[in-house]
Amino acid sequence: MATPTKKTAQRQGFKTGEHIVYPAHGVGQITAIEEQSVAGYALELLVISFEKDKMTLRVPVAKIASVGMRKLADAAAVKKALETVRGRPRVKRTMWSRRAQEYEAKINSGDLLAISEVVRDLYRSDAQPEQSYSERQLYEAALDRMAREIAAVNKCSETEAVKQIEQNLAKTPARIKSTEEEGEQEEEAA
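Report follows, based on the coordinates. Keep in mind it's a predicted model, so treat the numbers as computed, not measured.

**Describing the overall build of the protein chain**
Broken down by element type, the protein chain carries 7 helices and 8 strands. When each of the 190 residues of the protein chain is scored for burial, the buried share is 36%. Contacts spanning at least 24 positions in sequence make up 57% of the contacts within the protein chain whose residues lie at least 6 apart. Accessible area of the protein chain: about 11,200 Å², with a carbon and sulfur share of 51%.

**A look at the packing of helix α2 (residues 75-86) against helix α4 (residues 112-122)**
At their nearest, the axes of α2 and α4 sit 8 Å apart, and the two run at 20° to each other. What the angle tells us is that α2 and α4 run roughly parallel. Taken as a pair, α2 and α4 cross one another with a handedness that is right-handed. For the pair α2 and α4, contact is made by Ala-77, Val-78, Lys-80, Ala-81, Thr-84 and Val-85 and by Leu-112, Leu-113, Ser-116, Glu-117, Val-119 and Arg-120, respectively. Residues that form the contact of α2 with α4 fall into these classes: 7 nonpolar, 2 polar and 3 charged.

**A few points about the pairing of strand β6 (residues 41-50)**
Pairing geometry for strand β5 (residues 26-38) and β6, over 9 bridges, is antiparallel. Looking at β6, one finds that Glu-34 is bridged to Leu-45. Here β5 folds back onto β6, and the loop between the two strands holds 2 residues, one of which, Ala-39, carries a positive phi near 50°. Pairing of β6 with strand β7 (residues 55-60), which is carried by 6 bridges, proceeds in the antiparallel orientation. The residue bridging Leu-45 from the neighbouring strand is Pro-60, located in β7.

**Re α2**
Taking 1.5 Å of rise per residue, 12 residues should cover 16 Å, and α2 covers 17 Å from first to last C-alpha, within 8% of that figure. Every buried residue of α2 is accounted for by Val-78, Ala-81, Leu-82, Thr-84 and Val-85. Looking straight down α2, one finds its buried side chains confined to an arc of 155°; they lie on one side. For α2, exposure combined with an orientation more than 90 degrees from the buried face picks out Ala-76 and Lys-79.

The rules behind these values
- Residues numbered from 1 in each chain as written.
- Predicted model: local features only at pLDDT ≥ 70, side-chain atom pairs only at ≥ 80, totals over all residues.
- Heavy atoms only, no water.
- Helix = DSSP H or I, 4+ residues; strand = E, 2+ residues; numbered from the N terminus.
- Buried < 20%, exposed > 50% of the residue type's maximum accessible area, 1.4 Å probe, protein only.
- Contact = heavy atoms within 4.5 Å.
- Areas by Shrake-Rupley, 256 points an atom, 1.4 Å probe, with all protein chains shown as cover.
- Axes fitted to C-alpha atoms, helices over the stretch in contact; angles between N-to-C directions.
- Parallel < 35°, antiparallel > 145°, perpendicular 65-115°, else oblique.
- Left-handed = near helix turned anticlockwise from the far one by under 90°.
- Nonpolar A, V, L, I, M, F, W, Y, C, P; charged D, E, K, R; others polar.
- Pairing = 2+ DSSP bridges.
- Expected span 1.5 Å × (residues − 1).
- Arc of directions from axis to C-beta.

Geometry only, nothing functional implied.
Structure follows, in structure tokens:
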């Protein structure tokens with residue numbers, strides 16, 4: 001039987017109470033560092049809590065690098081991600097199933113910049129055509145991951161982070177132009 005013993009320490013640059021990004025799950029907080037005996041071996045584990053998912057994950061310290069766990073992005077990376085969101089959407093002309101796999105891989109990479117590209121490419125303003133169910137699911141997953149990390153970095157609520165992302169999405173040159181054209185068309189129709 002594994003017997004957890006809690007330690008408050010620092011391992012490979014990670015310490016208890018710190019927020020981290022786990023690629024497959026997003027932003028979590030290290031709640032403890034435990035030592036457990038598994039199959040006769042002593043393992044040192046980081047206990048990571050994902051509050052929103054109501055999930056706790058135990059990651060062996062030796063596996064931190066191989067799973068791609070990293071510290072939160074810095075303010076410069078958040079700024080670059082928000083600039084990426086303002087860019088022109090780049091949608092490849094490949095089959096949706098292939099693009100969906102690429103978007104999923106970007107979301108699960110844990111890379112804030114890659115996630116912001118997915119948000120930019122899948123965003124639809126009210127004036128644009130409806131998204132399919134799977135497009136909407138991927139967009140919401142990417143937006144959620146991006147908002148969670150921005151909220152943790154800027155120490156604000158996720159709702160505020162989503163508003164910040166959506167304000168940047170509205171600043172895209174193509175989107176600004178299309179809303180101006182709609183306004184002109186409405187004036188002409190009147």
